[in-house]
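What follows is each chain in one-letter form.
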Amino acid sequence: MPSPIPSRWAAPLGVVLLCVCLGACRQGSQTEQLLSEARDYRAKGDPKAAVIQLKNALQQTPNHAGARMLLGELYIEQGDPISAEKELRRAATLGAAAGPVRVALGRALLMQGQFERLLDEIVAEPGMPQRATLFALRANALLGLGKTEQAKGEFEAALEADATSADALLGQARIALLEHAPERTAQLLARALAAHPDDVDSLRFQGDLLRMQGKPAEALLAYQHILKLRPTNAQVHIDIANLRIEAGKFDEARRELAAARKTSPASLSLYYAQALLDFREGKHAAALESLQQILRSAPEHMPSILLSGAVQLALGAPQQAENHLRKFLAANPNHPYASKLLATIALEAGNPDAALNQLAPLLSDGKADVETLAIAGEASLRGRHFSRAAEYFEQASALDPTAPALRTALGISRLGTGDNARAVAELERAAALDTKTPRARTLLVMTYLRSNDTVKALALVQAMEHDGDNPLVQNLKGGVLMARNDPTGARNCFEKALVLEPSYLPAMENLAQLDRIEKHPELAKKRFLAALDKDHKSVALIDALAKLAIAQGSTGEAQAWMERANRDNPDALAPALRLVDVYLRSGQKQKALVLAQKTQAGNPNNPDALGMLAQAQYANEDYPAALESYTKLGVLLPNSAAPSMHIARVQLTMNNEAAAQTAIGKALALNPDLLDAHIVSVGLLLARKNYVQAQAEAVTLQKRHADSPVGYKLAGDIALAQNQAMAAVVSYERAFALSKIGPLLIQIHSALLQAGKTNEAEARMALWFKDHPADVPTRLYFASSKAMHNDLKGAMQEFETVLKHDPTNVIALNDLAWSSLQQNDPHALAYAERAYHLAADNPVVLDTLGWVLMTGGNSVRALPLLQKASTLAPKVGEIRYHLGVALAKHGDKPGARRELERVLASDKDFPQREQVKALLATL
């Protein structure tokens, strides 16, 4: 038997045990007290205080299942489902009752749009008291996935479990609303309110219903009634804010959001509504910041992904916008708003057919809204489908302009507890692209103008004037009057537009056009400068001044303006990218590269900045760097075929045809209908003389794109590569029948010449110019063709005709100077001087002027011009030959020999090879 504890230890040990027990009891008592206070605060409508008390309780007792459960429920009420889910899962592991945890967890998952997870985890087991609510949660998840019929079954099961379930009755009401059954909707809502008169979701649905019926004042009263019952209900403040945003009352919306922020600062709905408000106010950077906060914690929050697409598009980042929108559409196929935005991106990228393909599902059921029809009309217009464009615009103009808002508002009724569909609908209502500008009618006016129907155009724009004073309408009317040869009336309209909105740039630009026509460009410049005085850093105004300078032939001044735009707005992406482009176009490759590097460093994840850097690297012949940049661009834009197309171009430049073919294959895998990729692919096959496969690809294109000339054009190229000129003519003619454009006529003319059909080729050109006298590109080709075939007099006549239509055409001036020189025409120098005045840094122009001067005996002036030309184009043998001759004339025999030897070493097929050898023999 063990020895008894000595008595001297008995008292102290008892005291220790008593202290431990008393401490635990006191701690438990404090925890329960804090829990009780949290419940009281919640009942009084003070969730923030309740959360504080619960956190205090959990500091003392971290494994308290009840505290975790209550905290999770409060986070749901505050609109923070991410935090709620964490607490609820912890509560479940600590032994909280299964039924209540499942209900709360289901609500948290629903709020996050995690519909599949909800259906996997939330099950209504027999005998569970919360069965009705659990069935309703599952039904709402099914609704979120678009599975309406299955949702109906779950709602029925909920009502079998509890005939008065507000969740189930509201769910059935939402379905009735979507099925256009207003009487049944009202009956179900009435049942829900009769059973639960103070149920917030039912009261919110009532407000939503009034809002959708076009009764915003009554909807506001319904929402305010909820606040009388629950003064701190943050979600209702957000509902009212969205109502205010829709009405354009942004100050009131801000006040409502501030009220919501007091009780639910971490609410996803609050962040989303703030982003929506910023978006409507044009504060796109602020909107993006709010959305990024949401997506950091809830990366699959679809409404935020959709709004991010709209915001990125507004910020001028179409590729990033496209990435967001494609992700949203992958989860919500054929969603109208996302589809319209994506179609707009395609349209702005110059791909009208892709825009129409994107809209096709929305147009197929005959229920397209105004905006869908307007975008489809614009895409058809740009794709030269004029009759279809007019049809779309007429349908759009005939619709009630409020109809789209009412239809998209149906999404609000899909309330659930998560508000994902509701949030998307808020975006559609708030950001409808047709709310402020009469886009459909504007584009219909443009369609009429395209078809020279100025009578209908004027009648429609005059009807638009009845909607009230609008600078856009006045500007449009001025354009119609210009088309009707009424410059005085047009000027009056443009000036009226500026009275209505003094900074309205389109009207300023149209007035500038009139000023130029009337030979008063100084008035246009004065007007732009006056506006710039009021807005010193306006990129748009500086751009307008740059365009004016270009129109006057002042390329240096234009560049200076663009440099100012970049200097005054150093963090703005668009001016920097435009300036890089200007540098590249003007041959200032190193400047372009330096600015592109700086711009990309400041915008490391911007695809446009990276793409421009790649262009600058390519222009500077740093092909490995360009290849690396385009590869990175492909990572940023995984769904775009464009980076692969650029990679193929770089690989071809590096003579790596196999790698180029691989890149083209990747581009076609991403976009099988990408015609540019097919064109390059056929070119690669032709280079390998794989005519059979090339022909097969051309035939495939003819079948897949029956309305496109590309397949037939490629077939003509394939025939020509095999010296089958007449077969090529047949294919080119079929392409021309589908698209009567100058470039295809050029192909026909070239093939006819190769077939020896010179008279027929000449006749085709004569007929074309009879109907298209101002087609400068085709006439330039025709003139060059004559020059190549030694018909210099005919070439000179054609170049002179080009200059009648385009007096500053550098190519025509330069080639006319060269042809005149061959004909000993004394006007050669004057033409060369005019070309040099317009393009003093063009090596071909420098070479022509230098050689004309040399031929005329002015070697002193000729030599520096030819030296500069050779520096700018060191690989062009003819320029080096001319420089060698000039150096010899100037007495620099070593320099002349050096240049002439380079010509012989670098160009074995140089046409004046014998002349070079003869000259070398004299040095």
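Owing to the predicted nature of the structure, the values given are computational and were not obtained by experimental measurement.

## Brief notes about the overall build of the protein
Along its length, the protein carries 53 helices and zero strands. Each principal axis of the C-alpha atoms in the protein carries an extent, and together these give about 130 × 85 × 60 Å. The 923 residues of the protein split such that 49% are buried. Within the protein, residue pairs in contact and separated by at least 24 positions form 49% of the contacts whose partners lie at least 6 positions apart. Looking at the protein as shown, the accessible area adds up to about 43900 Å², and 54% of this sits on carbon and sulfur atoms. Here the protein contributes 100 positive and 99 negative side-chain charges, whose respective centroids are spaced 3 Å apart.

## Side note on the pattern of salt bridges
Taken as a whole, this structure holds 40 salt bridges when the rule is applied. Glu-77 serves as the salt-bridge partner of Arg-42, at 2.5 Å between the closest nitrogen and oxygen. Taken together, the positions of Arg-42 in helix H1 (residues 7–43) and Glu-77 in helix H3 (residues 65–77) put the pair 35 residues apart, joining distant regions of the chain. Given a relative accessible area of 42%, Glu-77 falls into the partly exposed group. One salt bridge in this structure joins Asp-717 and Lys-713, with 2.7 Å as the shortest N-O distance. Here Asp-717 and its partner Lys-713 are both found in helix H41 (residues 710–721), four residues apart, which amounts to about one turn of the helix. The class for Asp-717 is buried, based on a relative accessible area of 17%. What makes Lys-713 partly exposed here is its relative accessible area of 25%. Put simply, Glu-85, Arg-89, Arg-117 and Glu-121 are held in one network by salt bridges that share partners.

## A closer look at the packing of aromatic side chains
Aromatic ring pairs are described here by two measures, namely the spacing of the ring centres and the angle between the planes. One pass over the structure, following the stated rule, counts four aromatic pairs. An angle of 55 degrees between the planes, with centres 5.4 Å apart, marks the rings of Tyr-618 and Tyr-623 as tilted. Across this residue pair, the class does not change: Tyr-618 and Tyr-623 are buried. Between Trp-851 and Tyr-881 the ring centres are 6.2 Å apart and the planes differ by 45 degrees, which places this aromatic pair in the tilted class. Placement of Trp-851 in helix H49 (residues 843–855) and of Tyr-881 in helix H51 (residues 877–889) is noted, with a sequence separation of 30 residues between them. Just as Trp-851 is buried, Tyr-881 falls in that class too. The positively charged end of Arg-779 is found above the aromatic ring belonging to Phe-769, 3.9 Å away from the centroid.

## Brief notes about empty space enclosed by the protein
With the rule as written, the count across this model stands at two cavities of 30 Å³ or more. For the second largest cavity, the calculated volume is near 30 Å³. Lining the second largest cavity are Gln-319, Glu-322, Asn-323, Arg-326, Leu-637, Asn-639 and Ser-640. Here the residues of the lining of the second largest cavity sort into one nonpolar, four polar and two charged.

## So, helix H15 (residues 268–280)
For H15, which comprises 13 residues, the first-to-last C-alpha distance of 18 Å matches the rise-based estimate of 18 Å (1.5 Å per residue) to within 8%. If you check which residues of H15 are buried, you get Leu-268, Ser-269, Leu-270, Tyr-272, Ala-273, Gln-274, Ala-275, Leu-276, Leu-277, Asp-278, Phe-279 and Arg-280. Phi turns positive one or two residues past the end of H15, at Gly-282, with a value near 80 degrees.

## Focus on the side chain of Arg-68
Residue position: Arg-68 is located in helix H3. If we skip the residues at most four places from it in the chain, Arg-68 touches Leu-58, Pro-62, Glu-87, Arg-90, Ala-91 and Leu-94.

## Considerations on helix H32 (residues 555–568)
In this model, H32 (14 residues) spans 20 Å end to end at C-alpha, consistent with the 20 Å of a helix rising 1.5 Å per residue. Packed against the buried residues of H32 are helix H30 (521–534), helix H31 (539–551), helix H33 (573–585) and helix H34 (589–602).

## Description of the nonpolar core
Counting residues in each nonpolar core, the largest one holds 76 residues, and the members touching the most others are Val-445, Val-461 and Phe-528. Those residues in contact with Phe-528, other than ones at most four positions away along the chain, are Leu-505, Met-508, Glu-509, Ala-512, Leu-541, Ala-544, Leu-545 and Leu-548. In this structure, Leu-88, Met-128, Leu-188 and Val-200 belong to the second largest nonpolar core, which totals 71 residues.

## Comments concerning unusual backbone geometry
Keep in mind that most residues, glycine aside, have a negative phi and that most peptide bonds are trans. Backbone geometry at Asn-485 places phi at a positive 60 degrees, although glycine is not the residue there. By the secondary structure assignment, Asn-485 is in the loop between helix H27 (471–483) and helix H28 (487–500). Of note, the phi angle at Asn-655 is positive, near 60 degrees, even though the residue is not glycine. Within the element layout of this structure, Asn-655 appears in the loop between helix H37 (642–653) and helix H38 (657–670).

## A look at the packing of H41 against helix H43 (residues 742–754)
Direction vectors running N to C along H41 and H43 enclose 20 degrees, while the axes themselves pass 12 Å from each other. Overall, the two elements H41 and H43 adopt an arrangement that is roughly parallel. In the packing of H41 onto H43, the handedness of the crossing is left-handed. Residues Lys-713, Asp-717 and Leu-720 of H41 touch H43, and the partners they reach there are Leu-744, Gln-747, Ala-751 and Gln-754. Of the residues assigned to the contact of H41 with H43, the class counts are three nonpolar, two polar and two charged.

## Focus: the packing of helix H50 (residues 859–872) against H51
Running from N to C, H50 and H51 point in directions that differ by 150 degrees, and their axes come no closer than 9 Å. In terms of orientation, H50 lies roughly antiparallel with respect to H51. With respect to the hand of their crossing, H50 and H51 are arranged in left-handed fashion. Along its contact with H50, which presents Leu-863, Leu-866, Gln-867, Ala-869 and Ser-870, the element H51 presents Ile-879, Arg-880, His-882, Leu-883, Ala-886 and Leu-887. Among the residues forming the contact of H50 with H51, the class breakdown is seven nonpolar, three polar and one charged.

## Section: the environment of Pro-607
With respect to the helices and strands, Pro-607 occurs in helix H35 (residues 607–619). With residues up to four places along the chain from it excluded, the contact list for Pro-607 reads Gln-319, Gln-320, Leu-633, Leu-636 and Leu-637.

## Side note on the side chain of His-237
You can see His-237 is positioned in helix H13 (residues 234–246). Reaching out from His-237, the side chain makes a polar contact with the side chain of Glu-256 at a distance of 2.8 Å.

## Some thoughts on the environment of Met-562
With respect to the helices and strands, Met-562 occurs in helix H32. Sequence separation between Met-562 and Val-582 is 20 residues, and the spatial gap between their C-alpha atoms is 8.5 Å. Setting aside residues no more than four positions away along its own chain, Met-562 makes contact with Ala-546, Ile-550, Arg-578, Leu-579 and Val-582.

## Section: the confidence of the model for the protein
Predicted coordinates in regions of low pLDDT should not be interpreted in detail. When pLDDT is averaged along the protein, the result is 83; 90% of the residues meet or exceed 70. Mean pLDDT across the elements of the protein bottoms out in helix H23 (residues 403–409) (35) and peaks in H49 (94). Within the model, the stretch residues 1–26 combines pLDDT values under 50 with zero contacts to residues more than four positions away or in other chains. Contacts of residues 400–418 to residues separated by more than four positions or lying in other chains number 54 contacts, the stretch itself having pLDDT below 50.

Quick notes on the rules
- Residues numbered from 1 in each chain as written.
- Predicted model: local features only at pLDDT ≥ 70, side-chain atom pairs only at ≥ 80, totals over all residues.
- Heavy atoms only, no water.
- Helix = DSSP H or I, 4+ residues; strand = E, 2+ residues; numbered from the N terminus.
- Buried < 20%, exposed > 50% of the residue type's maximum accessible area, 1.4 Å probe, protein only.
- Contact = heavy atoms within 4.5 Å.
- Areas by Shrake-Rupley, 256 points an atom, 1.4 Å probe, with all protein chains shown as cover.
- Lys, Arg positive; Asp, Glu negative; His and termini not counted.
- Charge placed at Lys NZ, Arg CZ, Asp CG, Glu CD.
- Salt bridge = Lys/Arg side-chain N within 4 Å of Asp/Glu carboxyl O.
- Phe/Tyr/Trp six-rings, centres within 6.5 Å; stacked < 30°, edge-to-face > 60°.
- Lys NZ or Arg CZ within 6 Å of the ring centre and 35° of its normal.
- 1 Å grid on protein atoms, 1.4 Å probe; cavity = no way out; pocket = protein on both sides within 12 Å on 5 of 7 lines; lining within 4 Å.
- Points joined across faces, edges and corners; volume = space filled by probe spheres on them.
- Nonpolar A, V, L, I, M, F, W, Y, C, P; charged D, E, K, R; others polar.
- Expected span 1.5 Å × (residues − 1).
- Core = buried A, V, L, I, M, F, W, Y, C linked by side-chain atoms within 4.5 Å.
- Axes fitted to C-alpha atoms, helices over the stretch in contact; angles between N-to-C directions.
- Parallel < 35°, antiparallel > 145°, perpendicular 65-115°, else oblique.
- Left-handed = near helix turned anticlockwise from the far one by under 90°.
- Polar contact = N/O pair within 3.5 Å; in protein donor to acceptor, adjacent residues only side chain to side chain.
- pLDDT = per-residue confidence, 0-100.

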